[in-house]
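Take a look at the letters that make up each chain.
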Amino acid sequence: MKKLSLPQTDLTVSNLILGLMRITELSDEEIRALFAAAREVGIDFFDHADVYGGKPHYCEQRFGDAIRLSPSEREEVVIQTKTGIRPGYFDFSKEHILESVDASLAALRTDYLDVLLLHRPDALVEPEEVAAAFDELESAGKVRRFGVSNHTPGQIELLKKYVRQPLPFNQVQLSITHAPLIAAGVASNMQGLDQSISRDNGLLDYSRLNDMTLQAWSPFQKQFFNGVFLGDREEYPELNDAIDELAAKYEVTPTAIAVAWITRHPADFQVVLGTTKPERVREAAAGSDLPLTREEWYRLFTAAGYLVP
Ligand SMILES: NC(=O)c1ccc[n+]([C@@H]2O[C@H](COP(=O)([O-])OP(=O)(O)OC[C@H]3O[C@@H](n4cnc5c(N)ncnc54)[C@H](OP(=O)(O)O)[C@@H]3O)[C@@H](O)[C@H]2O)c1
């Protein structure tokens, strides 16, 4: 498992993260097996959100109840959660951030969060309130590091004008088939081409210039929660041919190739896995440090439908 020394932090952690968004239906035993598989392959970073599970803090609670970490085990892992999504709206008010973190700590059965992310940009954000909430959480020892998710460079700059703590993380959607983050830059300034439109105001370059680590969510999803591209030969025949060929060449599974397409990028992404299957965690781990060649990386990109002009 490749480890990354994350800029702007004291953390050296795995470049794969286990996401716990989909554990609602698992038994405690299955949650423990999933966690154990992640730890065995070297994953030490776990991603939650207050909103996962259909009711507030439900996935956090299922995890906390199933995985009773001893103090020494707790220190060996990074637990990240998110706040800011409420049913039907977003809420970055100080009051909500504080109450949400308290409920996350209780559900996760821990005294501190290693990382807290603001989940999706709140149109009504008042950055002074966010700053006040972060100060209170930091000085109480409840949260050690802060970051954002799905934020644009301008939204981050606005927060940075008020927030005193570094913002080293931004969690964003990225897979081979959902890659506007990367694809717009490859086809910059081309009239009439949808790919050329920047949907995030240059987030990738901004993140690299400002030492922010991007965490890629939904690494196997076709688009927005509409199923996986792996094995979907009807919609992605060329891509699956290319993936299968590379999987055979490197003696790994297609899952590892999908991970490797992201980890190969020099921006040093972390990849947030959403699988609920221990076996898939093990398969994905083989993509943590698999150096696809430049030609192979671009072949997957074009086979997914992107243009290399
Ligand atoms: N910040 C945000 O806004 C945001 C949004 C969404 C998610 N996230 C985070 O990102 C994590 C990952 O998101 P995600 O779950 O959408 O990502 P994902 O890993 O792309 O998708 C996981 C889903 O795909 C299935 N799957 C994976 N490989 C498969 C294969 N080869 N064949 C068939 N099915 C396969 C899994 O089924 P099995 O369980 O059967 O393997 C699971 O249902 C979440 O857990 C969460 O922590 C963050």
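Here, the structure is the one placed above.
Cut-offs used in this document
- Residues numbered from 1 in each chain as written.
- Predicted model: local features only at pLDDT ≥ 70, side-chain atom pairs only at ≥ 80, totals over all residues.
- Heavy atoms only, no water.
- Near = heavy atom within 4 Å.
- Polar contact = N/O pair within 3.5 Å; in protein donor to acceptor, adjacent residues only side chain to side chain.
- Areas by Shrake-Rupley, 256 points an atom, 1.4 Å probe, with all protein chains shown as cover.
- Nonpolar A, V, L, I, M, F, W, Y, C, P; charged D, E, K, R; others polar.
- Salt bridge = Lys/Arg side-chain N within 4 Å of Asp/Glu carboxyl O.
- Buried < 20%, exposed > 50% of the residue type's maximum accessible area, 1.4 Å probe, protein only.
- Helix = DSSP H or I, 4+ residues; strand = E, 2+ residues; numbered from the N terminus.
- Pairing = 2+ DSSP bridges.
- Axes fitted to C-alpha atoms, helices over the stretch in contact; angles between N-to-C directions.
- Parallel < 35°, antiparallel > 145°, perpendicular 65-115°, else oblique.
- Left-handed = near helix turned anticlockwise from the far one by under 90°.
- Contact = heavy atoms within 4.5 Å.
- Phe/Tyr/Trp six-rings, centres within 6.5 Å; stacked < 30°, edge-to-face > 60°.
- Lys NZ or Arg CZ within 6 Å of the ring centre and 35° of its normal.
- Core = buried A, V, L, I, M, F, W, Y, C linked by side-chain atoms within 4.5 Å.

Engineer: Quick one: what's the story with the site of the ligand, residue by residue and with numbers?
Structural biologist: Taken together, 26 residues surround the ligand, and among them Arg22, Thr275, Thr276, Lys277 and Arg280 come closest. Asp47 is positioned with one of its side-chain polar atoms (N or O) 2.6 Å from an oxygen atom of the ligand. Lys277 is positioned such that a nitrogen or oxygen atom in its side chain is 2.6 Å from an oxygen atom of the ligand. Starting from 910 Å² of accessible surface for the ligand in isolation, the protein chains cover 87%. Residue composition of the shell around the ligand, by class: eleven nonpolar, ten polar and five charged.

Engineer: Can you explain the pattern of salt bridges? Please cite residues and give values.
Structural biologist: Using the criterion set out here, one finds 23 salt bridges in the structure. Here Arg86 makes a salt bridge to Asp91, at a shortest N to O gap of 2.7 Å. With a relative accessible area of 25%, Arg86 lands in the partly exposed category. When its relative accessible area of 10% is taken as the criterion, Asp91 is described as buried. Beyond isolated ion pairs, a larger network of salt bridges with shared partners links Arg86, Asp91 and Glu99.

Engineer: Can you break down the pairing of strand S10 (residues 169–173) residue by residue, with the values?
Structural biologist: Among the five residues of S10, five are classified as buried, and the element is accordingly described as predominantly covered. Taking every second residue as pointing to the same face, both faces of S10 are buried, with Phe169, Gln171 and Gln173 on one and Asn170 and Val172 on the other. Sheet topology note: the S10/strand S11 (residues 213–217) ladder contains five bridges and is parallel. Each bridged residue has a counterpart across the sheet, and for Phe169 the counterpart in S11 is Thr213.

Engineer: Could you give an account of the pairing of strand S5 (residues 78–83), naming the residues involved and the relevant values?
Structural biologist: With six of its six residues buried, S5 lies for the most part within the structure. Because side chains alternate across S5, one face comprises the buried residues Val78, Gln80 and Lys82, and the other comprises Ile79, Thr81 and Thr83, equally buried. Bridge count for strand S4 (residues 45–47) against S5 is three bridges, and the pairing is parallel. Bridge pairing links Phe45 to Val78 in S5.

Engineer: Account for the sheet that holds strand S3 (residues 16–19), naming residues and giving values.
Structural biologist: Spatially, the eight strands close up into a barrel ordered S3-S4-S5-S8-S9-S10-S11-S12, and their pairing is parallel. With strand direction ignored, the average angle separating the axes of adjacent strands in the sheet is 30°.

Engineer: Lay out the packing of helix H10 (residues 254–263) against helix H11 (residues 278–285) in plain terms, naming residues and giving numbers.
Structural biologist: Direction vectors running N to C along H10 and H11 enclose 50°, while the axes themselves pass 7 Å from each other. In terms of orientation, H10 and H11 fall into the oblique class. The hand of the H10/H11 crossing is right-handed. The residues of H11 that touch H10, namely those facing Thr255, Ala256 and Val259, are Arg280, Glu283 and Ala284.

Engineer: Give me the lowdown on the packing of aromatic side chains, citing residues and values where you can.
Structural biologist: Inspection of the entire model under this criterion finds 14 aromatic pairs. Between Trp261 and Phe301 the ring centres are 6.4 Å apart and the planes differ by 10°, which places this aromatic pair in the stacked class. With Trp261 in helix H10 and Phe301 in helix H12 (residues 294–303), this residue pair connects regions lying 40 residues apart in the sequence. Owing to a relative accessible area of 0%, Trp261 belongs among the buried residues under this scheme. What makes Phe301 buried here is its relative accessible area of 0%. An aromatic cluster of at least three residues, connected via ring pairs, comprises Trp261, Trp297, Tyr298, Phe301 and Tyr306. Across the ring face of Tyr58, the terminal group of Lys55 is positioned such that the distance to the ring centre comes to 4.7 Å. Here Arg74 stacks its cationic end above the ring of Tyr112, 4.0 Å away from the centre of that ring.

Engineer: Which residues make up the environment of Thr213, and what values do they have?
Structural biologist: Position of Thr213 among the secondary structure elements: in strand S11. Take Thr213: its relative accessible area is 3%, and that puts it in the buried class. Taking C-alpha positions, Thr213 is 27 Å from Ala247, a pair spaced 34 residues apart along the chain. Apart from the residues lying within four places of it in its own chain, the contact partners of Thr213 are Leu6, Pro7, Pro168, Phe169, Asn170, Asp268 and Gln270.

Engineer: Could you give an account of the nonpolar core, with specific residues and numbers?
Structural biologist: Within the largest apolar cluster, 84 residues are counted, with the highest numbers of intra-cluster contacts made by Leu116, Leu174, Leu239, Trp261 and Leu300. Considering each element in turn, this core owes the most residues, seven residues, to H10. Apart from residues lying up to four places away in sequence, Leu300 is in contact with Ile176, Leu239, Ala242, Ile243, Leu246, Ile257, Trp261 and Leu292. Among the nonpolar cores identified, the runner-up in size contains eleven residues, and Leu4, Leu6, Phe45 and Val78 belong to it.

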